[in-house]
Amino acid sequence: GAVVSQHPSRVICKSGTSVKIECRSLDFQATTMFWYRQFPKKSLMLMATSNEGSKATYEQGVEKDKFLINHASLTLSTLTVTSAHPEDSSFYICSATPLAGGRETQYFGPGTRLLVL
Amino acid sequence: KNQVEQSPQSLIILEGKNCTLQCNYTVSPFSNLRWYKQDTGRGPVSLTIMTFSENTKSNGRYTATLDADTKQSSLHITASQLSDSASYICVVSARGQAGTALIFGKGTTLSVSS
């Protein structure tokens, strides 16, 4: 149980285009989903907290107009990287918290590798 | 400042050998400590979770220890296998008035060779 999927697993796009990444909790409902970014050999960095039916909460330094987050249902959150640039190339990981769990209980997705040319 | 420091940064061992990874933290107020295994190009997978009152927790060949007094944790891997090659991340939860925050270590990259 507690499986989180991400789609796509990897994407290559041209600079200036927008890319959407989906995060789904497959066998549980999640009121809260988290989006992380990870650079090579670095730790995960929290970008934003996504709550179903409300606006996402962004961490300091993360541009909300650059990284659009939508949490339309209890099993789906999407991250859209708008007008992507090469410096946005990174590994993006989502996690989901079951309805009964707090922020501490997070199940991570497999990640999405984004390469912006 | 809440911080989680892991050592060593990387480690290479022969298959079948044991190894121990370290995690030191300065997190307050402490809630729990988790060890995750992250394979290359994959998301982290939880190995163990320990609260303040727990000293040790095992999951197969993985054994985690916690010393809340010295704020240190270790992850011991017994009889290593090639599939143990991964990054091991120590994550400490801090639960305060503003809510719960997860503080991630930078991880230890383990390479198991035959």
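Please read these numbers as outputs of a predicted model, since none were measured by experiment.

Remarks on the overall build of chain B
Then comes step 1: For chain B, the helix and strand inventory stands at zero helices and eleven strands.
Then comes step 2: N-terminal to C-terminal, the α/β element order of chain B is β-β-β-β-β-β-β-β-β-β-β.
Then comes step 3: Taken over C-alpha atoms, the radius of gyration comes to 14 Å for chain B, in line with the 13 Å a tight globule of 114 residues would show.
Then comes step 4: Dimensions of chain B along its principal axes, counting C-alpha atoms only, are 50 × 30 × 20 Å.
Then comes step 5: Out of the 114 residues belonging to chain B, those deemed buried represent 44%.

Topic: the sheet that holds strand β7 (residues 62–67) of chain B
All names here are of chain B.
Then comes step 1: The strand order across the open sheet built from five strands is β1-β3-β8-β7-β6, with neighbouring strands paired in antiparallel fashion. The sheet terminates laterally at β1 (3–7) and β6 (56–59), the two strands that pair on one side only. Taking the axes of each pair of neighbouring strands and ignoring which way they run, one obtains an average angle of 15° across the sheet.
Then comes step 2: As paired elements, strand β3 (residues 19–26) and strand β8 (residues 72–77) share six bridges and run antiparallel to each other. Bridge pairing in β8 places Cys23 opposite Ser73.

Here's the deal with the side chain of Gln6 of chain A
All names here are of chain A.
Then comes step 1: Of note, Gln6 is situated in strand β1 (residues 4–7).
Then comes step 2: Within polar-contact distance, the side chain of Gln6 engages the backbone nitrogen of Gly111 at 2.9 Å.
Then comes step 3: Beyond its immediate sequence surroundings of up to four residues, Gln6 is in contact with Ile21, Glu22, Cys23, Trp35, Tyr92, Ile93, Cys94, Gly109, Pro110, Gly111 and Thr112.

Some words on the sheet that holds strand β7 (residues 67–73) of chain A
All names here are of chain A.
Then comes step 1: With respect to topology, four strands assemble into an open sheet ordered β1-β3-β8-β7, the strand pairing being antiparallel. Since the sheet does not close on itself, it has two edges, and those belong to β1 and β7, each with one partner. Within this sheet the neighbouring strands show an average axis-to-axis angle of 15°, counted without direction.
Then comes step 2: The pairing of strand β3 (residues 19–25) with strand β8 (residues 76–81) spans six bridges and is antiparallel. Following the sheet pairing, Val19 is matched in β8 by Val81.

Focus: the state of the cysteines
Then comes step 1: All chains considered together, the criterion is met by two disulfides over all chains.
Then comes step 2: Put simply, Cys23 of chain B and Cys90 of chain B are joined by a disulfide, and their sulfur atoms are 2.1 Å apart. In this structure the cystine formed by Cys23 of chain B and Cys90 of chain B twists about its S-S bond by roughly -65°; its chirality is therefore left-handed. Separated by 67 residues along the polypeptide, Cys23 of chain B in strand β3 and Cys90 of chain B in strand β9 (residues 86–96) bring together distant segments of the chain. Cys90 of chain B shares its class with Cys23 of chain B; the two are buried.
Then comes step 3: Left unpaired, Cys13 of chain A is separated from the closest cysteine sulfur, that of Cys94 of chain A, by 18 Å.
Then comes step 4: Left unpaired, Cys19 of chain B is separated from the closest cysteine sulfur, that of Cys90 of chain B, by 15 Å.

Scoring rules and cut-offs
- Residues numbered from 1 in each chain as written.
- Chains lettered and ligands numbered in written order.
- Predicted model: local features only at pLDDT ≥ 70, side-chain atom pairs only at ≥ 80, totals over all residues.
- Heavy atoms only, no water.
- Helix = DSSP H or I, 4+ residues; strand = E, 2+ residues; numbered from the N terminus.
- Rg over C-alpha atoms; globule rule 2.2 N^0.38 Å.
- Buried < 20%, exposed > 50% of the residue type's maximum accessible area, 1.4 Å probe, protein only.
- Pairing = 2+ DSSP bridges.
- Axes fitted to C-alpha atoms, helices over the stretch in contact; angles between N-to-C directions.
- Polar contact = N/O pair within 3.5 Å; in protein donor to acceptor, adjacent residues only side chain to side chain.
- Contact = heavy atoms within 4.5 Å.
- Disulfide = S-S within 2.5 Å.

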